[in-house]
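Chain residues, written in single-letter form:
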Amino acid sequence: MDLIAQIRDKARQAGRHIVLAEGTEQRTLIAAAAIVAAGIARITLLGREAEIKAAAEQAQVDLDGITLIDPETSPLYADFTAEFLRLREKKGMTADKAAATMKNPLYFGAMMVYQGVCQGMVAGAENSTGDVLRPALQIIKTRPGVSIVSGSFLIISPKTEYGEGGVMIFADCAVNPELNAAQMAEVAYCSALTAQHIAGIEEPRVAFLSFSTKGSAKNELAETVAEAAKIARERYPDLLSDGELQLDAAIVPNVGALKAPGSPVAGRANVLIFPDLTSGNICYKAVQRFGGAQAIGPILQGMAKPVNDLSRGCSVEDIINTVALVCCQGADCGC
Ligand code: ACO
């Protein structure tokens, strides 16, 4: 069974209930029906009922077995508003602002997950990453022991000589424009958990990437990456990691042996940590477009309860896979 089929199967076994906040979006509707038909998850769509039904008719989607909730008229609305006010009062939230905010399906959906009404949320087919993430960061927050949420991609490359038979985790490709060394180390740890629990990689080997290998360039940016690798070695002694490494030194065995002899990771890394969002985001799209790799994600790591974002250019298949991923995440697996 290929990795995607395995993830869908694991999702089926988890029996989760997932909320899709963009209930009138055409690809989301088609995906919702397919997810329910395939038994991958129970689905709730958010939005005005009449509008969802009209959009479903247009998309020729049968809504049987899918729950529809209009945040504005839901019996949950009053409690959710009160809870949101309580959570955000110290941040200047007022009763009026909380009441208006909770009508936004992205906030209502995040509150459904926070309150345990469902076990995960997926959105982003029509909203920006920032707009999907903000409610989750404000309401659900990070899990204990994690200070920073990050976004990884599961990369499945046709070039099976790299990573774990072509399977790799890239991070952070979606959330934090900049990271300091300690944050980079934490992102690496979360990414290793994702590699184990989502990608099925038994031995994550983490490379902290740079334009320099082991001091070959004297530069502040490279030194921050080297510092991240040092922090990771100290904080997570059981995790195989090294840096700073150039990409070829990280994944090509003979280059790794030449540039970083004795490294536990060089030449065979399967978790790649980028120095910033610019390089991470560009690189995952480059391997996807130029290299023909499948890029599944972003997988949001470190959230107390799982929420996943979609790219606005996503396909129906991407939405189905992202829902399957969210079903496999959660407190029980550490990612
Ligand atoms: N981890 C944990 N908490 C965080 C994080 C994080 N990475 N970032 C922000 N927060 C918290 C803040 O502490 C704050 O909490 P508080 O209000 O309780 O104090 C809350 O989230 C909101 O933070 P802000 O700084 O007000 O939110 P901001 O507007 O900066 O949004 C966001 C944060 C959305 C993550 C922002 O950094 C962002 O837009 N990142 C880029 C996303 C992006 O465009 N990615 C590329 C596209 S994705 C793709 O191509 C697939």
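Right, let's walk through the structure included here. Values in this document were obtained by computation on a predicted structure and should not be read as measured data.

## Here we look at the nonpolar core
- Ranked by internal contacts, the top residues of the largest apolar core, which has 64 residues, are Ile 18, Ile 43, Leu 45, Leu 63, Leu 154, Phe 208 and Val 323.
- Shared between two domains, this core holds at least three residues of each, these being domain 1 (3-141 + 303-332) and domain 2 (150-291).
- Every residue in contact with Leu 63, bar those within four places of it in the chain, is listed here: Leu 29, Leu 45, Ile 52, Lys 53, Ala 56 and Leu 68.
- Counting 32 residues, the second largest nonpolar core, distinct from the first, contains Ala 21, Phe 84, Val 132 and Ala 136.

## Remarks on the sheet that holds strand S1 (residues 17-20)
- Strands sit in the order S3-S2-S1-S4-S11 across an open sheet of five strands; the sheet is parallel. Edge positions in the sheet fall to strand S3 (67-69) and strand S11 (307-309), since each of these pairs with one other strand and no more. With direction set aside, neighbouring strand axes in the sheet form an average angle of 25 degrees.
- Sheet topology places S1 next to strand S4 (residues 120-123); three bridges connect them, and they run parallel.

## As for the layout of surface pockets
- In this structure, the largest pocket encloses a volume near 290 Å³.
- Around the largest pocket sit 18 residues that line it, and Gln 288, Ala 295, Ser 311, Cys 314 and Asp 318 are the ones nearest its centre.
- If you list the elements that add at least two residues to the lining of the largest pocket, you get helix H12 (277-289), strand S10 (294-301) and helix H13 (316-328).
- For the lining of the largest pocket, the element with the most residues is S10, which contributes five residues.
- Across the lining of the largest pocket, the residue classes tally to seven nonpolar, seven polar and four charged.
- Both domains that furnish three or more residues to the lining of the largest pocket are identified here as domain 1 (3-141 + 303-332) and domain 2 (150-291).

## Side note on the pattern of salt bridges
- Here the structure, examined in full by the defined rule, presents 15 salt bridges.
- Salt-bridge contacts for Glu 25 lead to Arg 27; the nearest nitrogen and oxygen are separated by 2.9 Å.
- Taking the shortest distance from any N to any O, the salt bridge between Glu 203 and Arg 268 comes out at 3.9 Å. Of this pair, Glu 203 sits in the loop between helix H8 (181-197) and strand S7 (205-209) while Arg 268 sits in the loop between helix H11 (253-259) and strand S9 (271-273), and the two are 65 residues apart along the sequence.
- Of the residues examined, Glu 203 reaches a relative accessible area of 36% and is grouped as partly exposed.

Parameters and conventions
- Residues numbered from 1 in each chain as written.
- Predicted model: local features only at pLDDT ≥ 70, side-chain atom pairs only at ≥ 80, totals over all residues.
- Heavy atoms only, no water.
- Core = buried A, V, L, I, M, F, W, Y, C linked by side-chain atoms within 4.5 Å.
- Buried < 20%, exposed > 50% of the residue type's maximum accessible area, 1.4 Å probe, protein only.
- Domains from an automatic or database assignment.
- Contact = heavy atoms within 4.5 Å.
- Pairing = 2+ DSSP bridges.
- Helix = DSSP H or I, 4+ residues; strand = E, 2+ residues; numbered from the N terminus.
- Axes fitted to C-alpha atoms, helices over the stretch in contact; angles between N-to-C directions.
- 1 Å grid on protein atoms, 1.4 Å probe; cavity = no way out; pocket = protein on both sides within 12 Å on 5 of 7 lines; lining within 4 Å.
- Points joined across faces, edges and corners; volume = space filled by probe spheres on them.
- Nonpolar A, V, L, I, M, F, W, Y, C, P; charged D, E, K, R; others polar.
- Salt bridge = Lys/Arg side-chain N within 4 Å of Asp/Glu carboxyl O.

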